[in-house]
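What follows is the residue order along each chain.
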Amino acid sequence: MKEIGCCSLLSVLKSKSNREDVIDIWEVDINSQNIRIAKQYTNLLSDLELDNLNKFKFFKDYSVYLVSHVAMRLLISEYTNTDPKKIIYYYSKNGKPWISKDICFNLSHAHKKAIIGFYKKDIGVDIEYKKDLEDYNSIEDLVYTKEEKKYIKNEDRRERFYELWTKKEAIIKGMGIGFSKDVKDLSIGAREQYYEESNIWQIAKVKSDSSYVAHIAYKNETVINNINYFVWNFRE
């Protein structure tokens, strides 16, 4: 991954953001430096974001939200050449944010990492920290279809669980349908495509370290090979 602070390659990225054959994925670490510097940018957040931020009781949750949402505003600002404080989010009926500019984005975070995807068309991202789960049997009944249970047979159950979960969540987030769609209604398995009426969603694994698993889902009839990976770090 290329590591970017505030703005060295972003002028190049803006020229790519209107192309349908390019996807940009940004990884953001929730570390002490990023937390400390992100606090200096809270004035960029909307009243709704500040309200959400101040509802967190635990510093860990507060920090994840703060760093990821400030980073997302600064990135959107660079892609759209808009003052980050003047970016207005609109929300679908299921809560997916969007802006009036001609670019789509999506955010996901888990544990000490966040990822943000940018694309010309609809995109969904999901990242999960691979912690051990106590009762895989009960969880599998809530998540997997019968076909998917065959897919995970004799495989590492934890790895398969997080693979399928992040694929399904990325699709649901890309569609912007939130919890109105049960993950068990999506049959994915090993496939890297999902058909939703007349739309085709492509699925791709996101590069990350071994403690995490992440996928993106993007609306396109063909597979995009030009997926750029970057690391965002705040710099003073």
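In this text, all values refer to a predicted model and were calculated from it rather than measured experimentally.

Engineer: Would you take a moment to explain the packing of helix 5 (residues 136-143) against helix 7 (residues 157-175) for this structure?
Structural biologist: Two elements in contact, helix 5 and helix 7, have axes whose closest approach is 12 Å; the angle formed by their N-to-C orientations is 25°. As the angle between them shows, helix 5 and helix 7 are arranged roughly parallel. Seen along the crossing, helix 5 lies across helix 7 with a hand that is left-handed. On helix 7, the residues touching Tyr136, Asn137, Ile139, Glu140 and Val143 of helix 5 are Arg157, Arg158, Phe161, Trp165 and Lys168. By residue class, the composition of the contact of helix 5 with helix 7 is 5 nonpolar, 1 polar and 4 charged.

Engineer: Looking at this structure, how should I read a nonpolar patch on the surface?
Structural biologist: A contiguous nonpolar patch, built from Ile88, Tyr90 and Trp98 and spanning about 330 Å² of accessible area, is present on the exposed surface. In this fold, Trp98 is placed in strand 4 (residues 97-98).

Engineer: In this structure, what is going on with the environment of Lys112? I would like to understand it.
Structural biologist: Within the secondary structure layout, Lys112 lies in the loop between strand 5 (104-110) and strand 6 (113-119). A relative accessible area of 52% means that Lys112 is categorised as exposed. Once residues lying within four places of it in the same chain are set aside, the contact partners of Lys112 are Val28, Asp29, Ile30 and Tyr212.

Engineer: What is the right way to read the packing of aromatic side chains from this model?
Structural biologist: One pass over the full model with this rule turns up 15 aromatic pairs. Geometrically, the ring pair formed by Phe56 and Tyr65 is tilted, given 5.4 Å between the ring centres and 50° between the ring planes. It is Arg73 that lies over the ring of Tyr89; its NZ or CZ is 4.8 Å from the centre.

Engineer: Before we go on, may I ask you to explain the pattern of salt bridges in this structure?
Structural biologist: When their charged atoms lie close together, side chains carrying opposite charge are able to pair. Summed over the entire model, instances satisfying the criterion amount to 14 salt bridges. Glu27 is the salt-bridge partner of Lys113, the closest N and O atoms lying 3.0 Å from each other. A residue pair is termed long-range when its members are at least 10 positions apart, and Lys113 in strand 6 and Glu27 in strand 2 (residues 22-29) qualify at 86 residues. For Lys113, a relative accessible area of 7% puts it in the buried group.

Engineer: How should I be thinking about unusual backbone geometry in this particular structure?
Structural biologist: With the exception of glycine, the majority of residues adopt a negative phi angle, and the majority of peptide bonds are in the trans configuration. A positive phi is found at His111, a non-glycine position, where the angle reads about 55°. Relative to the assigned elements, His111 resides in the loop between strand 5 and strand 6. Given a relative accessible area of 34%, His111 falls into the partly exposed group. A positive phi angle is found at Glu197, which is not glycine, with a value near 55°. With respect to the helices and strands, Glu197 occurs in the loop between strand 8 (193-196) and strand 9 (199-205).

Engineer: Any chance you could explain the side chain of Glu128 here in plain terms?
Structural biologist: Structurally, the position occupied by Glu128 is in strand 7 (residues 123-129). At 7.3 Å, Lys131 is the nearest oppositely charged side chain to Glu128, a buried residue that forms no salt bridge. A polar contact is formed between the side chain of Glu128 and the side chain of Trp165, at a distance of 3.4 Å. Once you skip the residues sitting within four places of it in the chain, Glu128 turns out to touch Ala110, Tyr162, Trp165, Thr166, Ser211, Tyr212 and Val213.

Engineer: Honestly, the pairing of strand 11 (residues 226-232) in this entry has me stumped. Any pointers?
Structural biologist: With 6 of 7 residues buried, strand 11 is to be regarded as a mostly interior element. Relative to strand 11, strand 2 is paired through 7 bridges, and the arrangement is parallel. When the bridges of strand 11 are listed, Ile25 appears paired with Tyr229.

Engineer: Would you mind going over helix 7 with me for this structure?
Structural biologist: Every α-helical turn comprises 3.6 residues, leaving residues that sit three or four positions apart pointing alike. With 19 residues, helix 7 extends 27 Å between its outermost C-alpha atoms, agreeing within 8% with the 27 Å of an ideal straight helix rising 1.5 Å per residue. Burial within helix 7 is extensive, with 14 of its 19 residues counted as buried. Positive backbone phi, approximately 75°, marks Gly176, located one or two places after helix 7.

Engineer: So what exactly am I meant to see when it comes to the environment of His111 here?
Structural biologist: Along the backbone, His111 and Tyr129 are 18 residues apart, and their C-alpha atoms lie at a distance of 6.1 Å. Residues in contact with His111, not counting those within four places in the same chain, are Val64, Tyr129 and Tyr212.

Engineer: What is the right way to look at the nonpolar core in this model?
Structural biologist: Side chains of a nonpolar character, in soluble globular proteins, are inclined to be buried together. Trp26, Ile76, Ile116, Phe118, Trp232 and Phe234 are the most contacted members of the largest nonpolar core, which has 32 residues in total. Counting only elements with at least two residues in this core, the list comes to strand 2, helix 2 (32-38), helix 4 (59-80), strand 5, strand 6 and strand 11. Take this core: its biggest share by element is 11 residues, from helix 4. Setting aside its immediate chain neighbours within four residues, Phe234 contacts Gln33, Asn34, Ile37, Ala38, Tyr41, Val67, Val70, Ala71 and Leu74. With 21 residues, the next largest nonpolar core counts Val143, Met175, Leu186 and Val213 among its residues.

What counts and how
Residues numbered from 1 in each chain as written. Predicted model: local features only at pLDDT ≥ 70, side-chain atom pairs only at ≥ 80, totals over all residues. Heavy atoms only, no water. Axes fitted to C-alpha atoms, helices over the stretch in contact; angles between N-to-C directions. Helix = DSSP H or I, 4+ residues; strand = E, 2+ residues; numbered from the N terminus. Parallel < 35°, antiparallel > 145°, perpendicular 65-115°, else oblique. Left-handed = near helix turned anticlockwise from the far one by under 90°. Contact = heavy atoms within 4.5 Å. Nonpolar A, V, L, I, M, F, W, Y, C, P; charged D, E, K, R; others polar. Patch = residues over 30% accessible without salt bridge, like charges linked within 9 Å, V, L, I, M, F, W, Y side chains within 5 Å. Areas by Shrake-Rupley, 256 points an atom, 1.4 Å probe, with all protein chains shown as cover. Salt bridge = Lys/Arg side-chain N within 4 Å of Asp/Glu carboxyl O. Buried < 20%, exposed > 50% of the residue type's maximum accessible area, 1.4 Å probe, protein only. Phe/Tyr/Trp six-rings, centres within 6.5 Å; stacked < 30°, edge-to-face > 60°. Lys NZ or Arg CZ within 6 Å of the ring centre and 35° of its normal. Lys, Arg positive; Asp, Glu negative; His and termini not counted. Polar contact = N/O pair within 3.5 Å; in protein donor to acceptor, adjacent residues only side chain to side chain. Pairing = 2+ DSSP bridges. Expected span 1.5 Å × (residues − 1). Core = buried A, V, L, I, M, F, W, Y, C linked by side-chain atoms within 4.5 Å.

Any functional reading would require information that these geometric values do not contain.
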